[in-house]
Amino acid sequence: MTTAWQFYFITLLTYSGVNIIAAWALNLQYGLGGILNFAFIIFQAVGAYAAAVLTLGPAGGITTFQTYVGGAHLPWLLALVVATLAGGVLALLVGLVALRPKRTDYQGMVLLTVAIIAAVVVTDEKGWLNGASGLVGVPKPFNESLGLGLIEYGWFYVGVVAVAVVLVFIVIHLLTSSPWCRQVRAMREDPVAAEALGLNVPARRLQVFVIGGAIAAFSGALLVGYIGSWSPGAWGPGETFLLFVCIVVGGLGNNFGAAVGSVLVLTVLFNGLAYLPIFSYTTAAEALQLVLLGLIVIAFLWFKPRGLFPERRRRFAFPSAGPDRGTAVAVEEAR
Amino acid sequence: MRTSPGESPRRDGHLVVEDLSAGYKKTAIIRGVDVAVSKGEVVTVIGPNGAGKSTLLKSVMGLLEPMAGSISLGGEPIGGLPANKVAAKGVGYVPQVRDVFETLSVKENLEMGGYHLRRPEVQERIEEVLLAYPQLKGMLTRSAGKISGGERKMVAIGRVLMTRPSLVILDEPTAGLSPKLAQQMLEQYVARLTAREVAVLLVEQRAREALEISQYAYVLASGEVKLESAAASILDRDDLGQVFLGRTEGAA
Amino acid sequence: MRTRRLLAGAVALLAVVIAGCGSSSSEIGSGALVMASYQPYTGPDAAYGPEGTALCSFAAYEINSGGGVMGHKFQCEAFDSTGDPADALPVANRMLANTTNLIMVYGPTQSAQRAVEPVLNQEKIVHFPDSGDPAYDHQTSPYFIRNGPSDSLAGTAIAAYTANHAGYKHVAIAFTNEEAAQTVVPALKETFAKLGGTFTSEQTLAPGQTSYRTEISHILASHPEAIVTEMDPQTAATFFSEELELNGGELLPTITTSAALDSNWVGGVAKAIGPEQFMQKIVAVASNTPTEGPGYEEYLQALKKAPNNIPERENYAADPYAQLGYDGLVCGALAMLEANSLESEKWAPYVPKVINGEKGAIVVHTFPEGKKAIEAGKTVRWSGAAGLVTLNKYNNSSTPFTGYKWNGKGNGVASLEPTGGEVSSKELEEAGGA
Amino acid sequence: MELNLALGFGLVTASILALGAVGFTLQFGITNIFNLSFGQVMTVGMFAAYLINVQGGQSLWVGVLGGALAGAVVSGFLNKTVFMPFLRRGVSLDGIIIVSLAVGLVLENVMLAFAGPSFKAYNQPRTHSIHVLGMILTVQQLLIIGISVAALVGLHLLLRQTRLGKAMRATAANAGLARTSGIATDRVTMIAWCLSGALCGAAGVTFALNLATFDTTTGSSLLLVVIAAAVFGGVGQPYGAMLGALVIGLATEFAALVSPNLKEVIAFAILVVMLLVRPDGLIPSAATKETMGAR
């Protein structure tokens, strides 16, 4: 294999790993918790930014062309932990505001506006995170101590990501098989009934949101370690929507499905489309690829509305998406 | 097993439901249910929670498509028709909750009840309803979401009367009302509907009160009719409490 | 069932990808050499893509009309860099891995650059970035050739032009908050202050707003002699049409950067404010981009005759990004001839030599002309669509700047015309740039 | 002086925003669908007006009408061919948000394929500015304000005074009950979508007019502000959306006096503060989540 091909595979594998982790985090929030987190990508972003500034060192010196706050030379693992925590803290702050409306779709719209605010603030406040130009030159984790070549290091990083995927899987698995998760599911299926059973629904919802936010930040920290740069362009609202497509395709609430969905959509479909024979390289051709992607998503939701791997129903037999969803009568009758 | 001694199942009436199965997606919640209601009588369906009472009503109303069986109104099949068509055939439906248009005024609620009437008729019918429920007069411009539970149910019933229906379906009209109000509701408003030659199909949790104003009753449990009989004969039974829960073993 | 079929499809696709590994290699084989336009074709910067395709086609036509290099013809392929570092990286990787006979790249743009620059250099692919990111002012890779100006240099030049040539000392500045605009600002402010100028009002604009009227009335109230600005086409169209409306149908004298020479910018703003005010009031300060001379004439020929399907190709007649990109790619081909090699390690160092000209080099304006000279054993200096360009030791341009305004042709805004004010290399150096 | 100026500019922005926000909220109120392809429908309106005005040589105001018509047709078509069938199939409302995103992606890129990425501008006569109460407004802006006010007053009368309008409100409040009252909710919904599409198309054209140029992505980038206005007022509440548009329109202009680059942030910050005080928007929606497609 040529080095170029190896680069390509390294990139695909690294991105796939990061995407799987992100899809799990979103699946926890939306698939299990029912939170329509349209601001998901800002949690990945905060992890990436935190990991970047904490390993870049103080602004100035060789990086005079960029300005940012909180520069430090933390060891990567420590930076990773702090970045993850940063995601959790941001999720807590955002969640306290955005999860207040009762309706989930309403929460989704509030979260969308939060995502836009975040992008505008980071872009405008050049002194904080170098504005629209973003940060560059983020040190590669362990690179100096290892002294590997670019390709060898790439494969090493694939290994790091693989370990991270396994770690996150263990955490997610423990969470989703716990009694806590059953409560979360009950909350999603029927918040009113869950509340009546004595569950503190807002608190549970916030917990799910914070844990998901922390995992998202973790994925961002991994990603920036590979790309080496990070800017507002990398975390537009569109990225969140792609992750939603992943978990819808994979199967809401199903961790295996989320992983498969993210690989299928973000790795295979996106890269695969580029291999289609194209008559001419014009804007129209590129645009038609995206049309095709949209049509695939629509067709998928039509033929497989519950995804490739539908969530296994545990305690509740009634359908969540029936025509009478949400009416108390249907719930009472069917239980 | 299914019927009380000495009575055969009733097979005719204004509304006739035969061998009806219905439910959500592929799960049938009621199976093989037969029900009949004649004009001028109140027929009550009682049974424990989850028996399928609301499912039955929704299937009749066209809110749920029947999986099997037939429904006819005045001899005309209505099974499988969408709800707005069923309504146009003269069926009024008062759901258990969310029974009024909360963001509309009381008057607008009544207007919506007479949606497919001609304009001059609407005004005429509103007068008619106000004659039956004079209390509504004072609250015509108020928002239906902001009136008391009793008043709200009155608006809901008034709304379905706009079309001069031949069948009125009531799903637990006393839910959430105080015992006193509940009794008033059943005795004064529901029972009085029969005077208009209306067939009334009623689902109630307050079984005793409901049976007192009913002519006939069905006991539904686990999606099947476990017992049917004249209302009075059920009221006379000693094991009434058991009957409500659908436990009729040994009663036959 | 469907699940399995989909998975099978995915596996098959991966198999195709892996099978592809054997067929492609970084060594140049027989057949046409591929020049890649690595630009955003979708997303907010989608307008850059067609420009890349167009200039690449012109360059391919020019090179092929001279018979190509070492028996190889040249052709173009497009890669959608989408305009964000995270999405740009896999596309770049795929381009490098899966393109047979990839010889050089036009791009990346600023947003993709920071992620892909290391990979391009590692793979030894000569590339001509159309980004002005000052982060690369002192870069050392031989595969990086920036024949257009860095934004820091542009900032210095625009300040020097405003103060020294246009003679304005009290100006308002209005820049959008985008990366491409913001990288110009620090050098501009520093130089302008050094030259004794003051700012009456400083506005940082969020792009894509429905109105900038309040900002404009603020600027007008500060009574500047001129506005110094860089904006994306859409913001500029909104801004200037509102300025027109608020200032009694007149624009203030406006000095802007080479961003305004982009065909989309000209098209959008001219449509919004009409050609008269546009031609009267707007001046763009850009590194020397002539619209005359034999090199430029040759470019126009290539523009007319390039066979590919290029929509609205006349738009690129006065577009310095297209001109510089074309020049870069043609210089790349000439460098291959001088090095007599298709190995980038060997020919890359010749690109700056072709651009700057070594001692005794003869100036050439067309590829066939250059090829002939090289075959005759001479060294050449390219003076093409953008005239003479000078690179410094960091492979960055240190070409002088000129103020341009637009000339009308018929009812529209067409060709560029120098204002007469040129910011020389010496002036740039004194003002603190380069 | 500056305050008055900003007030005038804010009114223009608010008028345009209101068209979009009311259209968006109307659709949502009746169908409970957060239609994120709404932005692309705005762009369709812009292009329809462009064809009429620039290619067809008609007056811009004919273009506004054409844009509204195109918005209505596309919106109705999407309802009929995409959203209704998906609802009938029992896809969850959240799933339909994803569908709407995909629809938006398709619409936007079909337009990109046909129209290309370059910027378009309308042919509009240059008009004089008029000074009113310290505000400076052009004749066109006054017309935009006029169109917006007329459309919204018309909508108000429709919703309050006509049988169809009341049926729309009834459907929005309780679709199931509306059906059992004999209202053909499918038809009412269809009309509501067309109406909302018309507002959306008109909003698109006036947006583009105010921006001076537009391209295929303009509508989707404006959608976010439209949604902010709708959320501010309480989604599903036309009057709330009007108020939301006014607040956001004025806030962005007043914010520009203080910090131009942060004017969006200030507008959105108002939204956040408002949500802290009233989590469900200014006028909370009475309706709970219930789908429309069911029979």
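In this text, all values refer to a predicted model and were calculated from it rather than measured experimentally.

**Structural notes on the overall build of chain A**
Step number 1: Within chain A, the secondary structure is distributed over 14 helices and 2 strands.
Step number 2: Taking all 335 residues of chain A together, 63% fall into the buried category.
Step number 3: Considering only intrachain contacts with a sequence separation of at least 6, the fraction spanning at least 24 residues in chain A is 76%.
Step number 4: Accessible surface, chain A: about 12100 Å² in total, of which carbon and sulfur atoms supply 71%.

**A word on the overall build of chain B**
Step number 1: If you tally the helices and strands in chain B, you get 9 helices and 10 strands.
Step number 2: Over its C-alpha trace chain B gives a radius of gyration of 18 Å, about what one expects of a compact globule, namely 18 Å for 252 residues.
Step number 3: Based on the C-alpha atoms only, the size of chain B along its principal axes is roughly 55 × 40 × 30 Å.
Step number 4: Per-residue burial for chain B yields a buried fraction of 56% across its 252 residues.
Step number 5: By sequence separation, contacts in chain B at least 24 residues apart represent 69% of the contacts at least 6 residues apart.
Step number 6: With the model as given, the accessible surface of chain B reaches about 10100 Å², and the carbon-plus-sulfur share is 49%.

**Some remarks on helix α6 (residues 179-193) of chain B**
All names here are of chain B.
Step number 1: A rise of 1.5 Å per residue sets the reference length of α6, with its 15 residues, at 21 Å; its end C-alpha atoms lie 21 Å apart and thus fit the reference within 8%.
Step number 2: Taken as a whole, α6 carries its principal kink of about 25° at L186.
Step number 3: Buried within α6 we find A182, M185, L186, Y189, V190 and L193.
Step number 4: Buried residues belonging to α6 abut β3 (42-46), α5 (149-161), β7 (167-171), β8 (199-203) and α7 (207-213).

**Notes on the packing of aromatic side chains**
Step number 1: For the structure shown, the criterion picks out 37 aromatic pairs over all chains.
Step number 2: Aromatic pair D:Y122 and D:F214: ring centres 5.3 Å apart, planes at 40°, arrangement tilted. Remark: D:F214 occurs in the loop between α8 (185-211) and α9 (218-233) and D:Y122 occurs in the loop between α4 (93-115) and β1 (129-132); sequence separation between them is 92 residues. This pair shows no difference in class: D:Y122 is buried, exactly as D:F214 is.
Step number 3: An aromatic cluster of three or more residues is present, and its members are A:Y15, A:W76, A:F142, A:Y153, A:F156, A:Y157 and A:Y226.
Step number 4: The ring of B:Y115 has D:R163 sitting right over it, with the charged end atom 4.5 Å from the ring centre.

**Thoughts on the state of the cysteines**
Residues and elements named next belong to chain C.
Step number 1: Here the structure, examined in full by the defined rule, presents 1 disulfide over all chains.
Step number 2: Across the disulfide, C56 is cross-linked to C76 (sulfur-sulfur distance 2.2 Å). Across the S-S bond linking C56 and C76, the dihedral sits near -100°, which makes this disulfide left-handed. Here the residue C56 occupies a position in helix α2 (residues 48-65), and C76 occupies one in strand β2 (residues 74-80), the gap between them amounting to 20 residues.
Step number 3: In this structure C76 comes out as partly exposed when scored by relative accessible area, which is 22%.

**A word on the nonpolar core**
Step number 1: One finds A:W230, C:Y38 and D:Y122 to be the most contacted residues of the largest nonpolar core, which totals 230 residues.
Step number 2: Broken down by element, this core gets its largest block of residues, 19 residues, from helix α1 (residues 3-32) of chain A.
Step number 3: When near neighbours in sequence (up to four residues on either side) are disregarded, D:Y122 contacts D:M46, D:A49, D:Y50, D:N53, D:V54, D:L60, D:V205, D:A208, D:L209 and D:F214.
Step number 4: Judged by nonpolar contacts, the second largest core, of 55 residues, contains C:A59, C:A60, C:L329 and C:I355.

**Concerning the pattern of salt bridges**
Residues and elements named next belong to chain C.
Step number 1: Following the criterion strictly, the structure yields 20 salt bridges over all chains and no others.
Step number 2: Close ionic contact of K124 with E345 constitutes a salt bridge, the shortest N to O distance being 3.4 Å. Of the two residues, K124 sits in the loop between α4 (110-122) and β4 (126-128) while E345 sits in helix α14 (residues 344-347), which places them 221 residues apart along the sequence.
Step number 3: Here K124 falls in the partly exposed class, since its relative accessible area comes to 33%.
Step number 4: Judged by relative accessible area, E345 falls into the partly exposed class, the value being 48%.

**Observations regarding the pairing of strand β4 (residues 68-73) of chain B**
Residue and element names in this part refer to chain B.
Step number 1: Pairing geometry for strand β1 (residues 15-24) and β4, over 5 bridges, is antiparallel. By the bridge assignment, L15 is partnered in β4 with L73.
Step number 2: Judged from the 2 bridges that link them, β4 and strand β5 (residues 76-77) form a sheet pairing that is antiparallel. Residue pairing for β5: S72 is matched across the bridge by P77.
Step number 3: In textbook terms, the turn of a hairpin is the stretch between consecutive antiparallel strands, and for β4 and β5 this stretch comprises 2 residues, one of which, G74, has a positive phi near 55°.

**Focus: the arrangement of the chains**
Step number 1: Across the 5 pairs of chains that are in contact, the largest number of contacts falls between chains A and D.
Step number 2: In this assembly chain B lies apart from chain C, the nearest approach of their C-alpha atoms being 21 Å.

**With respect to the sheet that holds strand β3 (residues 102-106) of chain C**
Residue and element names in this part refer to chain C.
Step number 1: With parallel pairing, the 4 strands of this open sheet are ordered in space as β2-β1-β3-β4. Either end of the sheet is taken by a strand with one partner, and the two such strands are β2 and β4. Sheet twist, expressed as the mean angle between neighbouring strand axes with direction ignored, is 25°.
Step number 2: Examined bridge by bridge, strand β1 (residues 33-39) and β3 share 4 bridges and lie parallel to one another. Counted as the bridge partner of S37 is Y106 from β3.
Step number 3: Helix-sheet contacts for helix α13 (residues 320-339) involve β1, β2, β3 and β4, and the interaxial angle to β3 is about 155°.

**A closer look at the interface of chain A and chain D**
For interface size, the figure often reported is the accessible area lost on association.
Step number 1: Taken together, the contact pairs 46 residues of chain A with 53 residues of chain D.
Step number 2: Interface of chain A and chain D: buried area, both sides summed, is about 4300 Å²; carbon and sulfur atoms make up 72% of it.
Step number 3: Looking only at chain A, the three residues that lose the most surface to chain D are A:R103, A:Y106 and A:W302, adding up to 16% of its buried area.
Step number 4: In this assembly, chain A and chain D are joined by 0 salt bridges.
Step number 5: The interface formed by chain A and chain D includes 1 residue pair in polar contact (both at pLDDT 80 or more).
Step number 6: Ranked by residue count, the leading element in the side of chain A that touches chain D is helix α13 (residues 283-303) of chain A, at 14 residues.

**Details of the packing of helix α3 (residues 85-98) of chain C against α4(C)**
All names here are of chain C.
Step number 1: Their axes nearest at 8 Å, the elements α3 and α4 cross at an angle of 35°. In this structure, the crossing between α3 and α4 has a hand that is right-handed. Here α3 contributes P85, A88, L89, A92, N93, M95 and L96 to the contact with α4, which in turn contributes S111, A112, A115, V116, V119 and L120.
Step number 2: Class assignment of the residues belonging to the contact of α3 with α4 gives a composition of 11 nonpolar, 2 polar and no charged.

**Quick look at the sheet that holds β1(B)**
Residue and element names in this part refer to chain B.
Step number 1: Here 4 strands make up an open sheet; going across it, the order is β2-β1-β4-β5 and the pairing antiparallel. Sheet topology places β2 (27-37) and β5 at the edges, where each strand pairs with a single neighbour.
Step number 2: Relative to β2, β1 runs antiparallel, the two being bridged by 7 bridges. Residue pairing across strands places V17 opposite V35, the latter belonging to β2.
Step number 3: Across the sheet, helix α1 (residues 53-61) lies against β1, β2 and β4, angled at about 110° from β1, the strand it touches most.

**Section: α4(D)**
Step number 1: Given a rise of 1.5 Å per residue, 23 residues ought to cover 33 Å, and the 32 Å separating the end C-alpha atoms of α4(D) matches this to within 8%.
Step number 2: Phi turns positive, to about 75°, at D:G116, one or two residues after α4(D).

**Some points on the packing of helix α3 (residues 106-113) of chain B against helix α6 (residues 163-173) of chain D**
Step number 1: Packing of α3(B) against α6(D) leaves a shortest axis separation of 10 Å and a crossing angle of 100°. Comparing their axes, α6(D) and α3(B) come out roughly perpendicular. Here B:E108, B:E111 and B:M112 of α3(B) come into contact with α6(D), specifically with D:R163, D:K166, D:A167, D:R169 and D:A170.
Step number 2: Class assignment of the residues belonging to the contact of α3(B) with α6(D) gives a composition of 3 nonpolar, no polar and 5 charged.

**Section: the confidence of the model for chain A**
Step number 1: For chain A, the average pLDDT comes to 83, and 88% of its residues sit at 70 or higher.
Step number 2: Scored below 50 in pLDDT, residues 314-335 of chain A shows 47 contacts in the model against residues more than four places distant or in partner chains.

**Quick notes on the environment of D:E2**
Step number 1: Residue placement: D:E2 occurs in helix α1 (residues 2-31).
Step number 2: On a C-alpha basis, the gap between D:E2 and D:F254 in space is 9.2 Å, while along the polypeptide they are 252 residues apart.
Step number 3: Dropping the residues within four chain positions of it, D:E2 is found in contact with C:S217, C:H218, C:A221 and D:L257.

**Some thoughts on the pairing of strand β7 (residues 226-230) of chain C**
All names here are of chain C.
Step number 1: In terms of burial, β7 is a largely internal element, 5 of the 5 residues being buried.
Step number 2: Neither face of β7 is exposed, since A226, V228 and E230 on one face and I227 and T229 on the opposite face are all buried.
Step number 3: Bridging between β7 and strand β8 (residues 254-256) involves 3 bridges; their strand directions are parallel. Bridge assignment links T229 to a residue of β8, and that residue is T256.
Step number 4: Handedness of the β-α-β unit built from β7, helix α9 (residues 233-246) and β8 comes out right-handed.

Thresholds, definitions, all that
- For every chain, the first residue of the written sequence is number 1, and numbering continues from 1 along that sequence.
- In the order they appear in the text, chains get letters beginning with A and ligands get numbers beginning with 1.
- Confidence filtering applies because this is a predicted model: local features only for residues at pLDDT of at least 70, side-chain atom pairs given and counted only at 80 or more, and all residues used for totals across whole chains, interfaces and linings.
- Side-chain numbers here rest on the full set of heavy atoms in the structure, without hydrogens or water.
- Labels follow the DSSP assignment, with helices taken as runs of H or I lasting at least four residues and strands as runs of E lasting at least two, numbered in each case from the N terminus.
- The cut-offs for exposure are 20% and 50% of the maximum accessible area for each residue type, with area from a 1.4 Å probe on protein chains only; residues under the lower value are buried, those over the upper are exposed, and the others partly exposed.
- The criterion used for residue contact is that any of the two residues' heavy atoms lie within 4.5 Å.
- Throughout, the Shrake-Rupley method with a 1.4 Å probe supplies accessible areas, and for residues the shown protein chains are the sole cover considered.
- Based on C-alpha atoms, the radius of gyration is set beside the globule rule, defined as 2.2 Å times the residue count to the power 0.38.
- A helix's residues, less one, multiplied by 1.5 Å, set its expected span.
- The angle separating two fitted axes, one through the seven residues that finish at a residue and one through the seven that start at it, defines the bend at that residue.
- Whether two aromatic rings pair depends on their centres lying within 6.5 Å, for rings of Phe, Tyr and Trp, where Trp uses its six-membered ring; planes under 30 degrees apart make the pair stacked, over 60 edge-to-face, and the rest tilted.
- Here, over-ring charges are defined by two tests on the NZ atom of lysine or the CZ atom of arginine: distance to the ring centre within 6 Å, and angle to the ring normal within 35 degrees.
- A pair of sulfur atoms, both from cysteines and within 2.5 Å, is called a disulfide here.
- Here, the term nonpolar core denotes a set of buried Ala, Val, Leu, Ile, Met, Phe, Trp, Tyr and Cys residues that are joined through side-chain atoms within 4.5 Å.
- Any Lys or Arg side-chain nitrogen found within 4 Å of a carboxyl oxygen on Asp or Glu counts as a salt bridge.
- Here, a strand pair is defined by DSSP locating no fewer than two bridges between the strands.
- Axis lines are fitted through C-alpha atoms, for helices just across the contact stretch, and the angle between N-to-C directions can take any value from 0 to 180 degrees.
- Each of two parts loses accessible area, computed with a 1.4 Å probe, when they are put together; buried area is these two losses added.
- The term polar contact refers here to a pair of N or O atoms within 3.5 Å; inside protein, the definition further demands a hydrogen-donor-capable atom paired with an acceptor-capable atom, and it admits residues adjacent in sequence only when both atoms are side-chain atoms.
- Note: crossing handedness is left-handed where the near helix turns anticlockwise from the far helix by less than a right angle, and right-handed where it turns clockwise.
- Any residue outside Ala, Val, Leu, Ile, Met, Phe, Trp, Tyr, Cys, Pro, Asp, Glu, Lys and Arg is labelled polar, Gly included; the first ten of those are nonpolar and the last four are charged.
- Here the word oblique covers every angle except those under 35 degrees (roughly parallel), over 145 (roughly antiparallel) and from 65 to 115 (roughly perpendicular).
- pLDDT: the predictor's confidence for each residue, scored from 0 to 100.
- Crossovers are marked right-handed if the path from the first strand over the helix to the second runs clockwise, as seen with the strands pointing away from the viewer.

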